[in-house]
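Residue-level structure breakdown
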Amino acid sequence: MQRIYLDNAATTPLIPEVLEVMLPYLTEKFGNPSSIYSYGREAKMAIEEARKKVALHLNCKPGEIFFTSGGTESSNTAIHCALRDLGCKHIITSPIEHHATLHTVEYINKSQGVKLSYVKITENGHVDIDSLEEILKNATEKCLVTLMHANNEIGNMLDLEAVSNLCKKYNAILHSDTVQTVGHFKIDVQKTPVHFLNGAGHKFHGPKGTGILYINNEVNIQPYLMGGAQERNMRAGTENVAGIVGFAKALDLAMENIDADVKKGYELKNYMHEELLKAIPTLKFNGDVQEQSLYSVLNVAFDVNDNTEMLLMNLDMAGICVSGGSACSSGASGGSHVISHIYPTENRLPVRFSFSRHSTKQEVDIAVVKVKELMS
Ligand SMILES: Cc1ncc(COP(=O)(O)O)c(C=O)c1O
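Let me sum up the structure you'll find in this document. (Residues numbered from 1 in each chain as written. Predicted model: local features only at pLDDT ≥ 70, side-chain atom pairs only at ≥ 80, totals over all residues. Heavy atoms only, no water.)

1. What to know about the site of the ligand
Looking at the ligand, the residues that line it are G70, G71, T72, H98, M148, N152, D177, V179, Q180, A200, H202 and K203. D177 is positioned such that a nitrogen or oxygen atom in its side chain is 2.6 Å from a nitrogen atom of the ligand. Computed on the free molecule, the ligand has an accessible area of 390 Å², of which 86% lies beneath the protein chains in the complex. Looking at the shell around the ligand residue by residue, the classes come out as three nonpolar, seven polar and two charged. (Near = heavy atom within 4 Å. Polar contact = N/O pair within 3.5 Å; in protein donor to acceptor, adjacent residues only side chain to side chain. Areas by Shrake-Rupley, 256 points an atom, 1.4 Å probe, with all protein chains shown as cover. Nonpolar A, V, L, I, M, F, W, Y, C, P; charged D, E, K, R; others polar.)

Below, the structure written as structure tokens:
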């Protein structure tokens, strides 16, 4: 059976060019980068080359990039360190963040008594910027603002520039979870200053278990993971050399034709949106489909009825791979903290279709036909 993969916000397949540059670091160039002899030096050099490439894409200094195991570790590091080392005593976030953020701030709030405020969310799932300003204005202690650049379930994008300006105005530390936008959009930390941002290689055809944390040179934190002196004493543990090399190559490839890919991505998403509406005119969508939204995510809101009861399972049986929310709720109908927060009174079954730059109209066509068939 032909399988159609439309769950690229969960993860993406590694592309052959990326695997090719990784392989030598899993085989003959196996040295530990901390070793001083040639094996170690060549591994170390590969890491530093990768760091330079990544820095170029974010328009920052190589010394501001730290390699991690992924988005979760990077968010944990930024949030914990901002509280421990930067004097933040009040966390401001949104109720529709990824659990890597939400569970971290809830834990800190409960275990350390740090104040936690949630910004209001508008009726189509955007962060209410006025509500953020209101909280910042009334805060009596230094704030950490942690808000995702793009929501992984509904695709809504934050006005990061507005948030960055507000954080500057109120002297707050800003962390943005950019896991869904690094490798998908141009991000320039000179134009839009943040203190911390993160990325995960597997969201743009790089290897799983690889990530970055950008730490603005102006902030001075202590390591979160203690141990060896890797990553300039900031993140202990023997480096995932092949993964780091793969991360940088995947990012290079992702940014190679970024303008054309973004344009093509929006065309594909709009095409699917229109085709679904032609097939089922009463269909609703979760989040802001048209305006400030990721081109890679289209979240459909099916009214819960007999047909939708087994929809995800039936799509899977037809070879169509999509998810019900984030990767952790794949397969489960509902159960999404994002959807239930934005639409508290509606009984919606969210189905997220998400694309990569390799997704095609033909794949969309097959998926739409199947959805129509299963819903009629
Ligand atoms: C927005 C967002 N943040 C954080 C993460 C966690 O990233 P990782 O799985 O690399 O730890 C994900 C992954 O699903 C994500 O989509």
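2. Let's talk about the sheet that holds strand β9 (residues 284–286)
Read from one edge of the open sheet, three strands run β9-β10-β12, paired in antiparallel fashion. Among the strands making up the open sheet, the edge pair consists of β9 and β12 (348–354). Ignoring strand direction, the axes of neighbouring strands in this sheet form an average angle of 40 degrees. The pairing of β9 with strand β10 (residues 297–303) spans three bridges and is antiparallel. (Pairing = 2+ DSSP bridges. Helix = DSSP H or I, 4+ residues; strand = E, 2+ residues; numbered from the N terminus. Axes fitted to C-alpha atoms, helices over the stretch in contact; angles between N-to-C directions.)

3. Remarks on unusual backbone geometry
Residue H205 is not a glycine yet carries a positive backbone phi of 70 degrees. Within the secondary structure layout, H205 lies in the loop between β7 (196–200) and β8 (211–215).

4. As for the environment of V127
With respect to the helices and strands, V127 occurs in the loop between β4 (115–118) and α5 (129–138). Look at V127 and you get buried, because its relative accessible area is 16%. For the pair V127 and M157, spaced 30 residues apart in sequence, the C-alpha to C-alpha distance is 8.9 Å. (Buried < 20%, exposed > 50% of the residue type's maximum accessible area, 1.4 Å probe, protein only.)

5. Side note on the pattern of salt bridges
On inspection of all chains with the given rule, the structure shows 15 salt bridges. A salt bridge links R84 to D85, with the nearest nitrogen and oxygen atoms 2.9 Å apart. Its relative accessible area of 42% is what places R84 among the partly exposed residues. Across the pair E373 and K370 runs a salt bridge whose closest N-O atoms are separated by 2.8 Å. (Salt bridge = Lys/Arg side-chain N within 4 Å of Asp/Glu carboxyl O.)

6. A closer look at helix α4 (residues 99–112)
Here α4 contains 14 residues, and its C-alpha end-to-end distance of 19 Å stays within 8% of the 20 Å for a straight helix at 1.5 Å per residue. All of the buried residues along α4 are A100, T101, L102, T104, V105 and I108. Contact partners of the buried residues in α4: α3 (71–85), β3 (90–93), β4, β5 (143–146) and α12 (337–342). Where α4 ends, the next residue or the one after it, G113, has phi of about 70 degrees, a positive value. (Expected span 1.5 Å × (residues − 1). Contact = heavy atoms within 4.5 Å.)

7. Things to note about the packing of aromatic side chains
Here the distance between the centres and the angle between the planes together describe a pair of aromatic rings. Within this structure, the stated rule accounts for five aromatic pairs. On the numbers, 6.4 Å between centres and 75 degrees between planes, the contact of F67 with F247 is edge-to-face. Residue F67 is located in strand β2 (residues 65–68), and its partner F247 is located in helix α8 (residues 241–256); the two are separated by 180 residues in the primary sequence. With centroids separated by 5.3 Å and ring planes inclined at 80 degrees, the aromatic side chains of F204 and F247 adopt a geometry described as edge-to-face. Here F204, found in the loop between β7 and β8, pairs with F247, found in helix α8; they are 43 residues apart in sequence, far enough to count as distant. Each of the two residues, F204 as well as F247, counts as buried. Positioned above the aromatic ring of Y343 is the side chain of R348, whose terminal nitrogen or guanidinium carbon lies 3.8 Å from the ring centre. Lying across the ring of Y271, K361 places its NZ or CZ 4.6 Å from the centre. (Phe/Tyr/Trp six-rings, centres within 6.5 Å; stacked < 30°, edge-to-face > 60°. Lys NZ or Arg CZ within 6 Å of the ring centre and 35° of its normal.)

8. With respect to the pairing of β2
Neither face of β2 is open: one carries I65 and F67, the other F66 and T68, and all of them are buried. Pairing of β2 with β8, which is carried by four bridges, proceeds in the antiparallel orientation. Of the residues in β8, the one forming a bridge with I65 is Y214.

9. Focus: the packing of helix α9 (residues 258–279) against helix α13 (residues 361–375)
Two numbers describe how α9 lies on α13: the axes approach to 10 Å, and their chain directions differ by 25 degrees. Between α9 and α13, the angle falls in the class roughly parallel. Like other packed secondary-structure pairs, α9 and α13 cross with a definite hand, here right-handed. The segment α9 lies against α13, with L268, Y271, M272, E275, L276 and A279 engaging K361, V364, D365, A367, V368, V371 and K372. Among the residues making up the contact of α9 with α13, the classes are represented as nine nonpolar, no polar and four charged. (Parallel < 35°, antiparallel > 145°, perpendicular 65-115°, else oblique. Left-handed = near helix turned anticlockwise from the far one by under 90°.)

10. Description of a nonpolar patch on the surface
A cluster of nonpolar side chains, namely L14, L19, L23 and L26, defines an oily patch on the protein surface of about 330 Å² accessible area. Among the structural elements, L26 can be located in the loop between α1 (16–22) and α2 (38–58). With relative accessibility at 54%, the residue L26 sits in the exposed group. (Patch = residues over 30% accessible without salt bridge, like charges linked within 9 Å, V, L, I, M, F, W, Y side chains within 5 Å.)

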